[in-house]
Amino acid sequence: MEFRIERGALAGAVGWAAKSLPARSPVPVLGGLMLDAREGRLRISGFDYEASADIEVAAKTPAPGRVLVPGRRLLDICRVLPDAMVRCALEGVRFTMDGGGTRFGLSTLPVQEYPALPELPARRGVVDAAELAAAVGQVVMAAGRDDTLPVLTGIQVRLDGESMTLAASDRYRYAVRTVSWQPAETGSEAVEVVVPGRRLTEISRSLAKSGPLRVGLNGSGGGLISFEAAGMRTTLRLLEGRLPRYDKLFALDGPAVAVAQREPLADAVRRVAVVAEPNSPIRLDFSARGTVLLQAGYEDDVASQRLPATLEGADDMAVAFNPAYLLEALASFNAPRVRFELLGPGQRAMLTGLPDTDHTTSEEHRHLLMSVRQLG
């Protein structure tokens, strides 16, 4: 087995396939990357039973063949190779890499013990890769981090007509974002699945510049979702379960509505929260007189800042939030202003983005936060 390829192309392909590698695995072969060279193409694949990734790039292949090598070590070597044509070959049981006067030898893993990649599920439609990556980034911050509740670490994907809706919740906040979607078949039934949040984030970022992204889906819990674009294919195993329904949660009855400039508000939250103890809230006092007062801290260690803001539906409204949650919610929007729908302390609060000119929501993105009952 022998192939030749430019270092940049090899490093890029190995780096993308390595995203499927587990952080650690008791099964050594699952930490490997399969290199398959034939007919002027090099295919690099990774698979750990939960996620798979494979990519094809052009290469000179004088001697076709396959080899399984430790993925992390291969990635490290690709990063330090000189920027030149690289000759790779299987010499006995050693995989060698020569380029720019530098030579590496790499141990190999048993090819026969490596599991076959899963078949790609049936194609369900197409979504713009950049739009998907942006939407995933907006909702994933609301996903849970506790692996004892796997479904809450996921992102729920709902395909319905010409819309794809992404949602995530850790029970204290709930983010939802809708993007346009081109279904493969018109009139198909709506489907809803939960995808691992961290891995979907990595995949969507790596494919963000790929243009149209083909999405496949097979089954619900225990099934697969796939993404294909520009010679790259990846699958993720779905999570069991469903997130709580958000339609009733998002319906607030008679809220007060406050509007503030998003970036100045986020800066003020960062500034004032410096004195807050861990898990202590930051208080926002909105006034119909056109300001919001941010306060944090206790006794002598306190901070405050006043900013312009509008309030409708009440003369004043005081609410408090976990500052980290509030900052992540504000950062998830791109609009210059943010709109709060407020019910009061300890109640739900809905955040949406607004343009500069009117009160029409500018993004199909909503972020629900639970306010803190104790204002401090």
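Note that the structure is predicted; figures quoted are calculated from it, not measured.

What counts, and at which threshold
- Residues numbered from 1 in each chain as written.
- Predicted model: local features only at pLDDT ≥ 70, side-chain atom pairs only at ≥ 80, totals over all residues.
- Heavy atoms only, no water.
- Domains from an automatic or database assignment.
- Core = buried A, V, L, I, M, F, W, Y, C linked by side-chain atoms within 4.5 Å.
- Buried < 20%, exposed > 50% of the residue type's maximum accessible area, 1.4 Å probe, protein only.
- Helix = DSSP H or I, 4+ residues; strand = E, 2+ residues; numbered from the N terminus.
- Salt bridge = Lys/Arg side-chain N within 4 Å of Asp/Glu carboxyl O.

Some points on the domain arrangement of the chain
Here is step 1 of the chain: Domain boundaries assigned for the chain yield domain 1 (2-113), domain 2 (123-247) and domain 3 (250-370).
Here is step 2 of the chain: If you average the C-alpha positions of domain 1 and of domain 3, the two centres end up 49 Å apart.

Some points on the nonpolar core
Here is step 1 of the chain: By size, the foremost hydrophobic cluster in this structure holds 65 residues, and its most contacted members are L10, L35, L42, I44, L74, F95 and M97.
Here is step 2 of the chain: The element that contributes the greatest number of residues to this core is helix α1 (residues 7-17), accounting for 6 residues.
Here is step 3 of the chain: Counting only domains with at least three residues in this core, you end up with domain 1 (2-113) and domain 2 (123-247).
Here is step 4 of the chain: Ranked by size, the runner-up nonpolar core spans 31 residues in total, among them V272, A329, F333 and V338.

Some points on the pattern of salt bridges
Here is step 1 of the chain: Scanning all chains against the criterion turns up 24 salt bridges.
Here is step 2 of the chain: Between E2 and R87 there is a salt bridge whose closest N-O contact spans 3.1 Å. Of this pair, E2 sits in strand β1 (residues 2-6) while R87 sits in strand β7 (residues 85-91); the two residues are 85 residues apart in sequence, bridging distant segments of the chain.
Here is step 3 of the chain: With relative accessibility at 14%, the residue E2 sits in the buried group.
Here is step 4 of the chain: Between R198 and E202 there is a salt bridge; the shortest N-O distance is 3.1 Å. Here the residue R198 and the residue E202 both occupy positions in helix α4 (residues 197-206), the gap between them amounting to 4 residues, near one helical turn.
Here is step 5 of the chain: R198 gets classed as exposed once you look at its relative accessible area, which sits at 54%.
Here is step 6 of the chain: Given the relative accessible area of 28%, E202 is considered partly exposed.

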